[in-house]
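Okay, here's what each chain looks like letter by letter:
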There are 2 protein chains.
Amino acid sequence: MAIPRAARTQRRTRIQEEKEEQILEAALDVFSVSGFRGSTIDQIAAAAGMSKPNLLYYFRTKEAMHRALIDRVLFTWLEPLRAFNAEGNPESEIRSYIRRKLEMARDFPRESRLFANEVLQGAPHIEDELKGPLKSLVDEKAEVIRVWAKAGKIAKCDPYHLIFSIWSTTQHYADFDVQVRAVLGQEHSGAGRFEDAARFLEQLFVGGLMVQPV
Amino acid sequence: MAIPRAARTQRRTRIQEEKEEQILEAALDVFSVSGFRGSTIDQIAAAAGMSKPNLLYYFRTKEAMHRALIDRVLFTWLEPLRAFNAEGNPESEIRSYIRRKLEMARDFPRESRLFANEVLQGAPHIEDELKGPLKSLVDEKAEVIRVWAKAGKIAKCDPYHLIFSIWSTTQHYADFDVQVRAVLGQEHSGAGRFEDAARFLEQLFVGGLMVQPV
DNA sequence: GGATAATTTGACCGATTGGTAAACATTACA
DNA sequence: TGTAATGTTTACCAATCGGTCAAATTATCC
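Residues numbered from 1 in each chain as written. Chains lettered and ligands numbered in written order. Predicted model: local features only at pLDDT ≥ 70, side-chain atom pairs only at ≥ 80, totals over all residues. Heavy atoms only, no water.

1. Topic: the overall build of chain A
Argument step 1. When helices and strands are tallied, chain A shows 11 helices and 0 strands.
Argument step 2. Going from N to C terminus, chain A has its helices and strands arranged as α-α-α-α-α-α-α-α-α-α-α.
Argument step 3. With respect to the three principal axes, the spread of C-alpha positions in chain A is 75 × 45 × 30 Å.
Argument step 4. Counting only contacts in chain A whose residues sit at least 6 apart along the sequence, the fraction spanning at least 24 positions is 69%.
Argument step 5. In the structure as shown, chain A presents an accessible area of about 10,000 Å², 52% of it carried by carbon and sulfur atoms.
Argument step 6. Mean positive and mean negative side-chain charge positions of chain A (30 and 30 charges, respectively) differ by 3 Å. (Helix = DSSP H or I, 4+ residues; strand = E, 2+ residues; numbered from the N terminus. Contact = heavy atoms within 4.5 Å. Areas by Shrake-Rupley, 256 points an atom, 1.4 Å probe, with all protein chains shown as cover. Lys, Arg positive; Asp, Glu negative; His and termini not counted. Charge placed at Lys NZ, Arg CZ, Asp CG, Glu CD.)

Here it is in structure tokens:
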């Protein structure tokens, strides 16, 4: 007789590790495209190459899968911002933050779209994370930027909107990838677009922030 | 005997005008939050205050409703970019483009989210619009920017990525509104955030583009 | 190798999905 | 005011939805 997964307290089996990994990978594929409401368990089961009841043996509900996925991805997603260093040189910190965020957009577009879908639809499942851990982290880093501005190391500016603008410009290349490629056309849709974007964005932010405004 | 709407060629009735308006308004509410797949006809019918079959009398399928909505919204959505004027002063043109886009994010967030949902999910219904009318318009305006840069009126930069960055930063305040408010906290989530954003973005883009880079 | 626990499957459930049929009600117009 | 066209509703459909169950299968451990 099988014991429902959530009731177990024992150590996880090898099979459990593998299958849960498999499922979350498939779930990322599906949720990142269609959002929570638009995704079905059948789709995820098909993508994971297993039957629906089998999938539900590991995650008892669609919500549970989504939550596990969010939890797993959120931490790494905030890594670049966490690496933002108060002691560093402002210009190079901002440059490398942009670069890191762009690399994540390039290498983990599904993760970006997972959050984009979620936030776009009102963040019904991650409201707490936004108001809690995310806000705290941003508050902390905004304070760093504020101090830099006060010390004249960068232009006076609203640190929150600065962070928003770095988020939006970089994640744009993951979330709106289809549009970016449609507009650039086939000839400029290769991998090079990320380097072009990096060059432009560093120019924009360094130029826009490293001089005192009039 | 009722004639299915799509088969009619006659002039539209007063009732048709009103009801179709009502339906598209409700559809915008629903589609902009849940995307195409995640929205149901029942939700839209409820939001429009009419029965499902009644709604289906005016739009025969969910797809037809979505398409009508996209068609209606796309034109006005591109208005700010269309207003971008080659003869104008570069600085003030960029400033007013940012301002207009921000005003649209503030006043028409549902329209922004409708497109965001669609593009995020791979743009299955508007691929042609992206590769056709949208690309053409962007190509045209990118050429204007390129000429400005060549003439030394603004810094040398990739015009496409400049446009992308204006899109992303401004639309961010509509598409990711929940996140923006969560991070800013209650005290800074009032209407003033759009003015703060405008101030920051104008500073960023003018500072980043009006001086020649090193 | 056998007992036991973990895993997988097919058959199924009630609810919801997009959409239809036809009867009924209302409106526009002569 | 009569009537034909337009508009609305109730009842319904097959397909799909999230999820359950019990039986069958496989892995683990002594």
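2. Quick notes on the interface of chain A and chain B
Argument step 1. Each partner contributes residues to the interface: chain A has 55 residues there, and chain B has 56 residues.
Argument step 2. In total, chain A and chain B occlude about 4,800 Å² of area from one another, counting both sides; carbon and sulfur atoms represent 69% of this.
Argument step 3. Its largest share of buried area at the contact with chain B, chain A owes to Leu120, His161 and Val183 of chain A, together 15% of the area lost on that side.
Argument step 4. There are 0 salt bridges connecting chain A and chain B.
Argument step 5. One can count 10 residue pairs in polar contact (both at pLDDT 80 or more) joining chain A with chain B.
Argument step 6. Counting residues per element, the ones that place at least two in the side of chain A that touches chain B are helix H1 (14-38), helix H7 (109-120), helix H8 (127-150), helix H9 (159-175), helix H10 (177-184) and helix H11 (192-209) of chain A.
Argument step 7. Considered class by class, the residues forming the side of chain A that touches chain B number 28 nonpolar, 17 polar and 10 charged. (Buried area = accessible area lost by both parts, 1.4 Å probe. Salt bridge = Lys/Arg side-chain N within 4 Å of Asp/Glu carboxyl O. Polar contact = N/O pair within 3.5 Å; in protein donor to acceptor, adjacent residues only side chain to side chain. Nonpolar A, V, L, I, M, F, W, Y, C, P; charged D, E, K, R; others polar.)

3. Examining the relation of the copies chain A and chain B
Argument step 1. Mapping chain A onto chain B calls for a rotation angle of 180° and an axial translation of 0.0 Å; the resulting RMSD is 0.1 Å. With respect to symmetry, the two chain copies, as superposed, fit the operation of a two-fold axis.
Argument step 2. Residue by residue, 100% of the interface of chain A is reproduced at the interface of chain B, so both copies engage with the same surface. (Least-squares fit on C-alpha atoms with pLDDT ≥ 70 in both.)

4. What to know about the packing of aromatic side chains
The geometry of an aromatic ring pair is captured by two quantities: the separation of the ring centres and the angle between the planes.
Argument step 1. Summed over all chains, the structure comprises 16 aromatic pairs over all chains.
Argument step 2. Ring centres 6.3 Å apart and planes at 55° place the aromatic pair Tyr173 of chain A and Phe194 of chain A in the tilted group. Of the two residues, Tyr173 of chain A is situated in helix H9 and Phe194 of chain A in helix H11; the sequence distance between them amounts to 21 residues. The two residues Tyr173 of chain A and Phe194 of chain A agree in class, both being buried.
Argument step 3. Ring centres of Tyr57 of chain B and Tyr58 of chain B lie 5.0 Å apart, and the angle between their planes is 80°; on these two criteria the pair is classed as edge-to-face.
Argument step 4. Looking at Tyr57 of chain B, the relative accessible area reads 31%, which means it is partly exposed.
Argument step 5. Judged by relative accessible area, Tyr58 of chain B falls into the buried class, the value being 7%.
Argument step 6. Of the aromatic side chains, those joined through ring pairs into one cluster are Phe164 and Trp167 of chain A together with Tyr173 and Phe194 of chain B.
Argument step 7. The ring of Phe36 of chain A carries the charged tip of Lys62 of chain A above its face, separated from the ring centre by 4.6 Å.
Argument step 8. The ring of Phe75 of chain A has Arg82 of chain A sitting right over it, with the charged end atom 4.0 Å from the ring centre. (Phe/Tyr/Trp six-rings, centres within 6.5 Å; stacked < 30°, edge-to-face > 60°. Buried < 20%, exposed > 50% of the residue type's maximum accessible area, 1.4 Å probe, protein only. Lys NZ or Arg CZ within 6 Å of the ring centre and 35° of its normal.)

5. Looking at the packing of helix H1 (residues 14-38) of chain B against helix H7 (residues 109-120) of chain B
Residues and elements named next belong to chain B.
Argument step 1. The geometry of H1 relative to H7 is characterised by a closest axis approach of 8 Å and an angle of 50° between their N-to-C directions. Looking at the two axes, H1 sits oblique to H7. For H1 against H7, the interelement crossing comes out left-handed. Of H7, the residues touching H1 (which contributes Glu25, Leu28, Asp29, Phe31, Ser32, Val33, Ser34 and Gly35) are Arg110, Glu111, Arg113, Leu114 and Asn117.
Argument step 2. When its residues are assigned to classes, the contact of H1 with H7 shows 4 nonpolar, 4 polar and 5 charged. (Axes fitted to C-alpha atoms, helices over the stretch in contact; angles between N-to-C directions. Parallel < 35°, antiparallel > 145°, perpendicular 65-115°, else oblique. Left-handed = near helix turned anticlockwise from the far one by under 90°.)

6. Focus: the domain arrangement of chain A
Residues and elements named next belong to chain A.
Argument step 1. The domain boundaries assigned to chain A delineate domain 1 (13-72) and domain 2 (78-209).
Argument step 2. Here the C-alpha centroids of domain 1 and domain 2 sit 28 Å apart.
Argument step 3. Contact residues are listed per partner, giving 15 residues for domain 1 and 11 residues for domain 2.
Argument step 4. Three residues, Leu28, Ser32 and Ile70, lead the burial of domain 1 against domain 2; their summed loss comes to 45% of the area buried on that side.
Argument step 5. Arg110 is paired through a salt bridge with Glu25; the nearest N and O atoms lie 2.9 Å apart.
Argument step 6. Mapped by element, the contributors of at least two residues to the side of domain 1 that touches domain 2 are H1 and helix H4 (62-77).
Argument step 7. Examining the composition of the side of domain 1 that touches domain 2, we find that 9 residues originate from one element, H1, more than from any other.
Argument step 8. Across the side of domain 1 that touches domain 2, the residue classes tally to 6 nonpolar, 4 polar and 5 charged. (Domains from an automatic or database assignment.)

7. Brief notes about unusual backbone geometry
All names here are of chain A.
Argument step 1. For Ala123, which is not glycine, the phi torsion reads 55° and is therefore positive.
Argument step 2. Examined against the element boundaries, Ala123 turns out to sit in the loop between H7 and H8.
Argument step 3. On the accessibility criterion, Ala123 (0% relative accessible area) is buried.

8. Some remarks on the packing of helix H6 (residues 90-107) of chain B against helix H11 (residues 192-209) of chain B
All names here are of chain B.
Argument step 1. Where H6 meets H11, the axes come as close as 10 Å, and the angle between the chain directions of the two elements is 150°. By the angle class used here, H6 and H11 are roughly antiparallel. When the axes of H6 and H11 are compared, the crossing they make is right-handed. When H6 is examined against H11, the residues Glu91, Ile94, Arg95, Ile98, Arg99, Leu102, Ala105 and Arg106 are found in contact with a partner set consisting of Phe194, Ala197, Ala198, Leu201, Glu202, Phe205, Val206 and Leu209.
Argument step 2. For the contact of H6 with H11, a count of residues per class yields 11 nonpolar, no polar and 5 charged.

9. Considering the pattern of salt bridges
Residues and elements named next belong to chain A.
Argument step 1. The final tally for this structure, using the stated rule, is 36 salt bridges over all chains.
Argument step 2. Taking the shortest distance from any N to any O, the salt bridge between Arg110 and Asp29 comes out at 2.9 Å. Taken together, the residues span a long stretch of sequence, with Arg110 in helix H7 and Asp29 in helix H1 at a distance of 81 residues.
Argument step 3. Residues Arg99 and Glu202 are paired through a salt bridge, measuring 3.3 Å at the closest nitrogen-oxygen approach. One end of the pair, Arg99, is in helix H6 (residues 90-107); the other, Glu202, is in helix H11, with 103 residues separating them in the sequence.
Argument step 4. Using a relative accessible area of 38% as the deciding quantity, one classes Arg99 as partly exposed.
Argument step 5. Among the ionic contacts, a cluster of salt bridges with common partners joins Glu91, Arg95, Arg99 and Glu202.

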